[in-house]
Structure formats: C-alpha cells, structure tokens
Amino acid sequence: MRILVVGAVAAGTSAAAKARRNDDKAEIVIYEKDQDISYSGCGLPYYIGGEIEDIGELTPRDAQFFKKKYNIDIHTGHEVLKISAEDKKITVRNLQTNEVFEDQYDKLVIATGAIPFVPQVPGIDHRHVFFLRNVQSARNIRKYINEQRPKHALIAGTGFIGFEMLENLISENINVTIIEKDSKITPNLDKDMADFLESSLAKKSITILKNSSIAKVDKRSVTLDDGLEIKSDMVIVAAGVRPNVTLAKETGIEIGVTGAIKVDHHMQTNLKDIYACGDCIETFSVITGKPVYRPLGSTANKTGRIAGDALTGGTLSYRGNLSTGIFKLFDLTIASTGLTEKEALKEGYDIVICHNIKPDKPAYFQGKEMVIKAIADKKTEKLLGVQIIGYDGVDKRIDVFVTLITYGAKVDELFHLDLAYAPPYSTTKDPVHYTGMILDNALNKGRGIITAKETKILIETGKKVQVIDARVNKQYEESHVDTAVNVPHSKLREEAKQLDKDILTITYCNKGVTGNAAQNILINEGFKEVYNLSGGHKFYKATKGK
C-alpha cells in the first residue's frame, strides 16, 4: 500500500507516524510546501520574545529523523497542485527546480492546515507587516526586531497569538498598541470575563482599542477605520485563520458548514480513500454534536493520529471537542472550555451562571485568586462551560472541568470529587468544589445567584429591588453598587426587621462568601426572594456591571 500525505506539520506527521506503527510494509511519502516540518507553532511567540533562544528547540525533527525512525520519506519545498481522485494520482511541483511530476496513491491524507486572515487594505504588503503562521515567519519577525529595533508596534487581534505577541514584544521594550475589531477582547471569553481581563490589563498600562480595524498601513504609522492614526514601525496581524481548503475544493471534496473540510469520525472525506485532518477540517462539539471549526495544535495531533489509524484498518474514531484553550499573558493565565454563556443561550439552554473567586492555595503559601465563571443547564444540571482567569493552578482546574463536562457531570457531583489536597497545592475545599457548591445551592437549595449585568439592568430600569451591602462601612464608603444600603453582616440579624421582606433583595460582599451568609440570614428571617451577587462587588466593579 502506498500512502501519500499532503502537509508535514502536526496533523500530517502524526497521521504518517501512526500509519507506520500499524503497517510497517506500507510506502509512506509526505509532501510539504514549506521547509520546516513537525514544529511547535504554539511556541513561536516565545522565540520572538527571546524566552526560547534556539528555534531549533521548536523544530526538533527533520526529514532525516522521519526517514531513520519511521522509514517515511518527506519532501519539503514540494507543492501539491492537483488531486485526481478517479485516477488516484497527485500532481506535484518541486519549488526549487520547478519540475512538475505525478505520484500515485492507494490512500491519501490531506493536512493542508490553515492560512492567516489578510485584511485587504493599502500597505498590508509592507515589509514591516507580519503574519505569524510558521517557523519562517517567526525567524523574519525576530530578524526584523534585531536589525531594525522598532520602537512602536501595533497588533491586530486579541486571540491567543495576539496576546502572546503582546507580551513578547513588550519584553523587547517595544511600545505596543493592540486593536480588536469586536466590542470585547478575547474571542473565547464571554463579555463579562473579557471585561474583567481588560481591567487587569489596564493596571499594567496596556493600550487596547476595541471596535477598531486597520484601514491603511504606512511605513511609520497605521490608520484605523475611524481615522485614528497610530505611530507604528512594526505591525503584527493576528486576526484569526481560515482553513486551507483550496486543493480540497478543486478535488470535489465536500466542504462543511464552517468552511472547513467535512469528515466523518474516522477522518474520511466524501471521496473514497481520501482522508483529512488538522486545521483544514471541521470537527464537532461534545456538548451539542454540531460542527465547529477549532484550529488547535492538540486537535491537529489527535485527528492526525486517528486518520493514520483509520486508513490502515484501525478502529480509532473522533469523539468531539470542547474548544478547550489556555494561554499565558504576563503573570496571568486565561483558560476556557465548553460553551460560553452566549453560545449556551443561542443553543436554547436555560442556564444558571456563577462567578467564583477563590485562591489556588492558602495565603500562607502565597495563594493567588482566580475567577471561575461556570455555566450549567438548569434542566439537566450538567456543566456546559467554564472560563478561568487567574495566576497559578488555572491549568489544573480547567482540566478537571474538561473531564467533568466530557463525562456529563452534574453540578452536585463536584463537591464529592476526591481531589488532591496539601497546602502547597490547594485549599481544603478546592475552587472546583466551591464552584459545584455555588451552582448546586442555586439550583437545588434555594440560594439563587444574580449576575452583575442582571443587577445593573434591574437598577437602571427602576425595578423595585433592595440591594444590601454586607461589608464593613469602610469598604462600602470606598465603592458600592448603585442604590445599595450598607448593613454589615454582623448587624444584619438585628436590622433585618427594618427591611422589606416582600420585595426582591440582592445581597453582596467583596467576593461572594459573606454575601451568601447574608442571604442565608434573610431567607431564614422569611424574606421571599433573595439573591447573592455573583462574584461580589469585586467582579461587579471590574466589569462595571456589563
């Protein structure tokens, strides 16, 4: 059997390696347009910023490695021009010699990856405008910084790459402005969590311009679509990627609703003996079962392995994803998994939301707070999605939530998890436990929670509501929710009789715990409808109730 693979980064090499493990007699050949193969694209921003000094650490395997270890032939600098599915042939051009030739296959794997979105604006082709997509582009950016010593840079896009580049350019003492075409930063976060992150970045004097796009690029400046001119002698465009499906389309391969190649659970396309994997395909959500496009390195490696197994007679099949992502931004870690609030509502779920602010470990071990937003389905009581912004231990918690959502856990099960505990690593009740407790109390124990946005709407629309600030007077005087009255928790029992038991009541403290205690007191005093402000005053203030 002769197996041909188009593309030699994450998915293509994974497919070839798995095929070789299953079939040691097969002929396996990979054609790759670029010169670099099997590299860690997610590490490229850190090479640019100097944290990784040798780019060779990101490209540990070359064609000789694959030939020696797997007996796989990889031809770099070769572009596949055409696939003839009926004849089982491909047409290839050697980009060094310009020679064009054909090759025959029994099984074919398409792993053409993704291409960056390029704004069609004047000046986008200037030499100081960069798109970070492969190893050579990283080399070019690093070289430009070393030789030209830019003082001002503009980054377009606040996704993973945009923010990782922000951190690494600032580490080079470059003044950076980052713009975002949407009304909020960070596509994988809901607006309230994005606003919370933005408030944290504002403390670091980061310049972020939302609702902004590039209109024109000049040698020393960028003009935005609102006419604002920003000084910039370096531009990084990180405005997302699109699946590279030109070859697949020309071959007659079916393209899915997301614009990526449609495959079955075994990575088989609609054409016999042609498979696809990696950033050029659409996958599906574990929760909804609907198609999604999530170009991530982890998914590329996984789908590549499945393709290589399936085409050699294996039984591996894809089980979906949760769009899980995580990235580092200065001393912060931002992670998400599952459905956002916006996505859950669009899918028709009746949801409950909580914002849980807890340290990753005790204060005497320098624990730092993380904010966990969790979304659950009221009907099934299952977790739907989680977003976390914090410092240490975010990766540990998001992976626990990934596992819980994958296996359909209900909110009341979180408290019973026997998670590892010791003071250097966690608190006795972990933030994961607390998240489950808050949601379970809201769904099953009559301890309702209300978001900052919902609270603000109630106040601004003049609804009859009493807001109780259960903090000490000094905290109240410094800042408080509009219309709130200050009744410290220690005085609430005796002063409760002066409050109206029959109208909607909202309690809050700084982060939520004392607000919940105040809520319990009022409910036990016979108040009819009492909600605790999710995330407390800290989250309300940071997000401005948005």
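Use the structure listed above.
Computed from a prediction, not measured in an experiment: that's the story for all the values here.

Student: Outline the overall build of the protein chain, listing residues and values.
Tutor: Assigned secondary structure in the protein chain consists of 16 helices and 30 strands. For 546 residues, the compact-globule estimate of 2.2 N^0.38 gives 24 Å, and the C-alpha radius of gyration of the protein chain, at 27 Å, lies within 12% of that figure. Expressed as lengths along the three principal axes of its C-alpha atoms, the size of the protein chain is roughly 90 × 55 × 45 Å. Within the protein chain, buried positions represent 54% of all 546 residues. For the protein chain, the accessible surface area stands at approximately 25100 Å², while carbon and sulfur atoms represent 48% of it. Positive and negative charge centroids in the protein chain, built from 73 and 71 side chains respectively, lie 2 Å apart.

Student: Account for the pattern of salt bridges, naming residues and giving values.
Tutor: Pairs can form between side chains of opposite charge whenever their charged atoms are close. Under the defined criterion, the tally for this structure stands at 31 salt bridges. Across the pair D279 and R133 runs a salt bridge whose closest N-O atoms are separated by 3.0 Å. Here D279, found in the loop between β18 (274-276) and β19 (283-284), pairs with R133, found in the loop between β9 (129-130) and α4 (135-148); they are 146 residues apart in sequence, far enough to count as distant. Residue D279 is classed as buried on the basis of its relative accessible area, which comes to 15%. For R133, a relative accessible area of 30% puts it in the partly exposed group. Ionic pairing is found between D218 and K216, a salt bridge with its closest N-O pair at 3.8 Å. Through salt bridges that share partners, D190, D192, E341 and K373 make up one connected network.

Student: Please give an account of α4 that cites residues and values.
Tutor: Residues spaced three or four apart along an α-helix face the same direction, because each turn holds 3.6 residues. In this model α4 runs 20 Å from its N-terminal to its C-terminal C-alpha over 14 residues, within 8% of the 20 Å that 1.5 Å per residue would give. Among the residues of α4, V135, S137, A138, I141, R142, Y144 and I145 are the ones counted as buried. Each element contacted by the buried residues of α4 is listed here: α2 (44-48), β9, α5 (160-170) and β16 (235-237). Capping the start of α4 is the job of one residue whose side-chain oxygen sits 3.3 Å from the backbone nitrogen of Q136: N134.

Student: Could you give me a rundown of the nonpolar core, with the residues and numbers involved?
Tutor: Of all hydrophobic cores here, the largest spans 51 residues; its most connected members are I83, I90, L108, I110 and I261. Of all the elements, helix α1 (residues 10-22) adds the most residues to this core, at six residues. With residues up to four places along the chain from it excluded, the contact list for L108 reads L4, V6, I83, I90, D273, I274 and Y275. Residues Y39, V135, I155 and L189 belong to the second largest nonpolar core, which totals 45 residues.

Student: Before we move on, can you summarise the packing of helix α10 (residues 394-406) against helix α11 (residues 431-444) with the specific residues and values?
Tutor: Two measures define how a pair of helices packs: the angle their axes make with one another and the distance between the axes. Packing of α10 against α11 brings their axes to within 10 Å, and their N-to-C directions diverge by 50°. Between α10 and α11, the interaxial angle falls into the category oblique. Note on element contacts: α11 touches α10 through P431, V432 and T435, opposite R397, V400, F401 and L404. Tallied by class, residues from the contact of α10 with α11 come to five nonpolar, one polar and one charged.

Student: Give me the packing of aromatic side chains: which residues, what numbers.
Tutor: The full count for this structure, using the stated rule, is 10 aromatic pairs. Plain terms: the ring middles of Y31 and F101 are 6.1 Å apart, the flat faces sit at 55° to each other, and that makes the pair tilted. Of the two residues, Y31 sits in strand β2 (residues 27-32) while F101 sits in strand β6 (residues 100-104), which places them 70 residues apart along the sequence. We classify Y31 as buried; its relative accessible area is 5%. Judged by relative accessible area, which is 21%, F101 ranks as partly exposed. The residue whose ring lies beneath K358 is Y434, and the NZ or CZ to ring-centre distance is 4.6 Å. The side chain of K368 reaches across the aromatic face of Y391, ending 5.2 Å from its centre.

Cut-off values and rules
- Residues numbered from 1 in each chain as written.
- Predicted model: local features only at pLDDT ≥ 70, side-chain atom pairs only at ≥ 80, totals over all residues.
- Heavy atoms only, no water.
- Helix = DSSP H or I, 4+ residues; strand = E, 2+ residues; numbered from the N terminus.
- Rg over C-alpha atoms; globule rule 2.2 N^0.38 Å.
- Buried < 20%, exposed > 50% of the residue type's maximum accessible area, 1.4 Å probe, protein only.
- Areas by Shrake-Rupley, 256 points an atom, 1.4 Å probe, with all protein chains shown as cover.
- Lys, Arg positive; Asp, Glu negative; His and termini not counted.
- Charge placed at Lys NZ, Arg CZ, Asp CG, Glu CD.
- Salt bridge = Lys/Arg side-chain N within 4 Å of Asp/Glu carboxyl O.
- Expected span 1.5 Å × (residues − 1).
- Contact = heavy atoms within 4.5 Å.
- Polar contact = N/O pair within 3.5 Å; in protein donor to acceptor, adjacent residues only side chain to side chain.
- Core = buried A, V, L, I, M, F, W, Y, C linked by side-chain atoms within 4.5 Å.
- Axes fitted to C-alpha atoms, helices over the stretch in contact; angles between N-to-C directions.
- Parallel < 35°, antiparallel > 145°, perpendicular 65-115°, else oblique.
- Nonpolar A, V, L, I, M, F, W, Y, C, P; charged D, E, K, R; others polar.
- Phe/Tyr/Trp six-rings, centres within 6.5 Å; stacked < 30°, edge-to-face > 60°.
- Lys NZ or Arg CZ within 6 Å of the ring centre and 35° of its normal.

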